[in-house]
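For reference, the chains in residue letters:
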Amino acid sequence: MARLLHNLLLLTVGLTLKIRVMGYWSLIYGYCALCTGVALLKLGWNIILRPSTTFQWTVRETPPACLNDTSLGTHCYVRIKESGLRFHYVAAGERGKPLMLFLHGFPEFWFSWRHQLREFKSEFRVVAVDMRGYGESDLPSSTESYRLDYLVTDIKDIVEYLGYNRCFLVGHDWGGIIAWLCAIHYPEMVTKLIVLNSPHPCVFTDYALHHPSQMLKSSYYFFFQLPYFPELMLSINDFKALKSLFTSRNTGISCKGRWLTTEDLEAYLHALSQPGALTGALNYFRNVFSVLPLSHSEVKSPVLLLWGERDAFLEQDMAEACRLYIRNHFRLNIISGASHWLQQDQPDIVNTLIWTFIKEGEGRKNYRNL
């Protein structure tokens, strides 16, 4: 009798798990279908309004002058033996000084850290990487090549190639996700972790599943699961959707004095208009649902989390919830009026907060609104 009850319990648990898994993937594919329908309506409306220009876009062959600004650093390349991939990065500051490594988000590249490269090169060896699939780094063609474990290993390999075993790791958006994971899986490598507008991966998963408003803001995650079509939608009307991300009132940079110049915007379009560039960037999203939630989630490094109050894509409540996963000093700063593109929107405030965090002791917990 006891064995029968035990077997029934195992069967019930197994069935419940299967139902939850089926529900999870049904939600993902169902929402994906909904987002596709909305995108098709937008495409049809664009064709009606702009029949002659909808399917026109220009590959930017020549990089704008700002990408060769010597005050930002030196352009370098490294080929990682294990993966065979070549990575591009911009470096400044004296070799041998502590390493500060910057990881960009979507749809960005090393240039998003221009304000920080100038700021921190006096005391650090600062390095801003074009991550796998972005900018001048190699663009693997298969979706499988963008698994999270590969992306994390890329950063470990780059740190080692640069001659370091530890670094101050700074990440924004997708770069923030990779930075969190580096701190989780390689705690000895991360002296201090600095994350901008990117919640701990477990916080994001749990919060999105329980808050429809965040699920709606994250609808692009589902749309990007489709092959080819998202690339088309981001390209039509000469990359209008990409331009809007950085410049529109709802999603763009908030601080008027920090709006992207025409040349800055062309720098992004130069990077993202190259053949295969959008597919590389989107492949990050096409692997994310198969690896979440995480089996390991604790962060042992000291953490500074900076959050733009007006982030159009991520709800602020997730920021405080990250504290649950941190087993060390945690400092959270909410920056009023700032957008998702925090390090470009409010670089002076961001730089000051990073300096403070780097120099302060690790024994206190602080929370402050700016």
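Residues numbered from 1 in each chain as written. Predicted model: local features only at pLDDT ≥ 70, side-chain atom pairs only at ≥ 80, totals over all residues. Heavy atoms only, no water.

Concerning the overall build of the protein chain
Counting secondary structure elements, the protein chain contains 13 helices and 9 strands. In the protein chain, which comprises 370 residues, the proportion classed as buried is 53%. When contacts within the protein chain are restricted to residue pairs at least 6 apart in sequence, long-range pairs at least 24 apart make up 77% of them. Put simply, the protein chain shows about 16900 Å² of open surface, and 58% of that area lies on carbon and sulfur atoms. (Helix = DSSP H or I, 4+ residues; strand = E, 2+ residues; numbered from the N terminus. Buried < 20%, exposed > 50% of the residue type's maximum accessible area, 1.4 Å probe, protein only. Contact = heavy atoms within 4.5 Å. Areas by Shrake-Rupley, 256 points an atom, 1.4 Å probe, with all protein chains shown as cover.)

Some details on the nonpolar core
Met-100, Leu-169, Trp-174, Ile-178 and Leu-193 are the most contacted members of the largest nonpolar core, which totals 121 residues. Ranked by the residues each element gives to this core, the list is headed by helix α4 (residues 174-185), at 9 residues. Discounting residues that sit within four places of it in the chain, Leu-193 has contacts with Leu-169, Ala-179, Trp-180, Ala-183, Val-299, Pro-302, Val-303, Leu-304 and Phe-357. (Core = buried A, V, L, I, M, F, W, Y, C linked by side-chain atoms within 4.5 Å.)

Topic: the pattern of salt bridges
Evaluation of the coordinates by the stated rule reveals 15 salt bridges. One salt bridge connects Asp-149 with Arg-147, and the closest N-O pair in it is separated by 2.4 Å. Salt bridges here are not isolated pairs; linked through shared partners, they connect Arg-60, Asp-238, Lys-243 and Glu-266. (Salt bridge = Lys/Arg side-chain N within 4 Å of Asp/Glu carboxyl O.)

Comments concerning helix α3 (residues 148-161)
Because an α-helix packs 3.6 residues into every turn, residues spaced three or four apart end up facing the same way. Between its first and last C-alpha, α3 extends 20 Å over 14 residues, near the 20 Å set by a 1.5 Å rise per residue. Looking only at α3, the buried set comprises Leu-148, Leu-151, Val-152, Asp-154, Ile-155, Asp-157, Ile-158 and Val-159. Elements in contact with the buried residues of α3: β2 (86-92), β3 (99-103), β4 (125-129), β5 (167-172) and α4. Positive backbone phi, approximately 90°, marks Gly-163, located one or two places after α3. (Expected span 1.5 Å × (residues − 1).)

With respect to the packing of α3 against α4
One way to put it is that α3 packs onto α4 with a least axis distance of 9 Å and a crossing angle of 80°. One element, α3, and the other, α4, form an angle in the roughly perpendicular class. Residues Leu-148, Leu-151, Val-152 and Ile-155 of α3 touch α4, and the partners they reach there are Trp-174, Ile-178, Leu-181 and Cys-182. (Axes fitted to C-alpha atoms, helices over the stretch in contact; angles between N-to-C directions. Parallel < 35°, antiparallel > 145°, perpendicular 65-115°, else oblique.)

A look at the pairing of strand β8 (residues 330-335)
The buried count for β8 comes to 6 of 6 residues, which makes it a mostly enclosed element. Neither face of β8 is left uncovered, since the one carrying Phe-330, Leu-332 and Ile-334 and the one carrying Arg-331, Asn-333 and Ile-335 both have all their residues buried. Two elements, strand β7 (residues 303-308) and β8, share 6 bridges in a ladder whose sense is parallel. In the strand pairing of β8, Leu-305 is matched with Leu-332. (Pairing = 2+ DSSP bridges.)

What about the environment of Phe-204?
Inspection of the secondary structure puts Phe-204 in helix α5 (residues 201-210). For Phe-204, a relative accessible area of 14% puts it in the buried group. Placed 110 residues apart in sequence, Phe-204 and Leu-314 show a C-alpha to C-alpha distance of 8.8 Å. For Phe-204, the contacting residues outside a window of four places in its chain are Pro-199, Gln-214, Ser-218, Tyr-221, Leu-314 and Met-318.

Description of a nonpolar patch on the surface
There is a patch of nonpolar side chains on the surface, built from Trp-45, Ile-48 and Leu-49 and spanning about 370 Å² of accessible area. Within the secondary structure layout, Leu-49 lies in helix α1 (residues 2-49). (Patch = residues over 30% accessible without salt bridge, like charges linked within 9 Å, V, L, I, M, F, W, Y side chains within 5 Å.)

A look at the layout of surface pockets
In this structure, the largest pocket encloses a volume near 1300 Å³. Every residue lining the largest pocket is counted, 49 residues in all, and those nearest its centre are Lys-42, Tyr-220, Phe-224, Leu-245 and Phe-313. Residue classes in the lining of the largest pocket are distributed as 33 nonpolar, 11 polar and 5 charged. (1 Å grid on protein atoms, 1.4 Å probe; cavity = no way out; pocket = protein on both sides within 12 Å on 5 of 7 lines; lining within 4 Å. Points joined across faces, edges and corners; volume = space filled by probe spheres on them. Nonpolar A, V, L, I, M, F, W, Y, C, P; charged D, E, K, R; others polar.)

Side note on the side chain of Asn-283
Mapped onto the elements, Asn-283 comes out in the loop between α10 (277-282) and β7. Given a relative accessible area of 1%, Asn-283 falls into the buried group.

Description of the packing of aromatic side chains
The tally for this structure, following the rule as stated, stands at 28 aromatic pairs. Geometry around Tyr-150 places Arg-147 over its ring, the cationic atom sitting 4.4 Å from the centre. Lys-192 extends its terminal NZ or CZ atom over the ring of Phe-357, reaching a point 4.8 Å from the ring centre. (Phe/Tyr/Trp six-rings, centres within 6.5 Å; stacked < 30°, edge-to-face > 60°. Lys NZ or Arg CZ within 6 Å of the ring centre and 35° of its normal.)

With respect to the pairing of β7
In terms of burial, β7 is a largely internal element, 6 of the 6 residues being buried. Here strand β6 (residues 190-196) runs beside β7; their pairing, made up of 4 bridges, is parallel. Residue pairing in the sheet places Leu-193 in a bridge with Val-303 of β7.

Quick look at helix α8 (residues 229-247)
In a regular helix each residue adds 1.5 Å, so 19 residues correspond to 27 Å; α8 covers only 23 Å between its end C-alpha atoms and thus falls short of that length. Along α8, the largest kink reaches about 115° and is centred on Asn-237. (Bend = angle between axes of the 7 residues up to and from the residue.)

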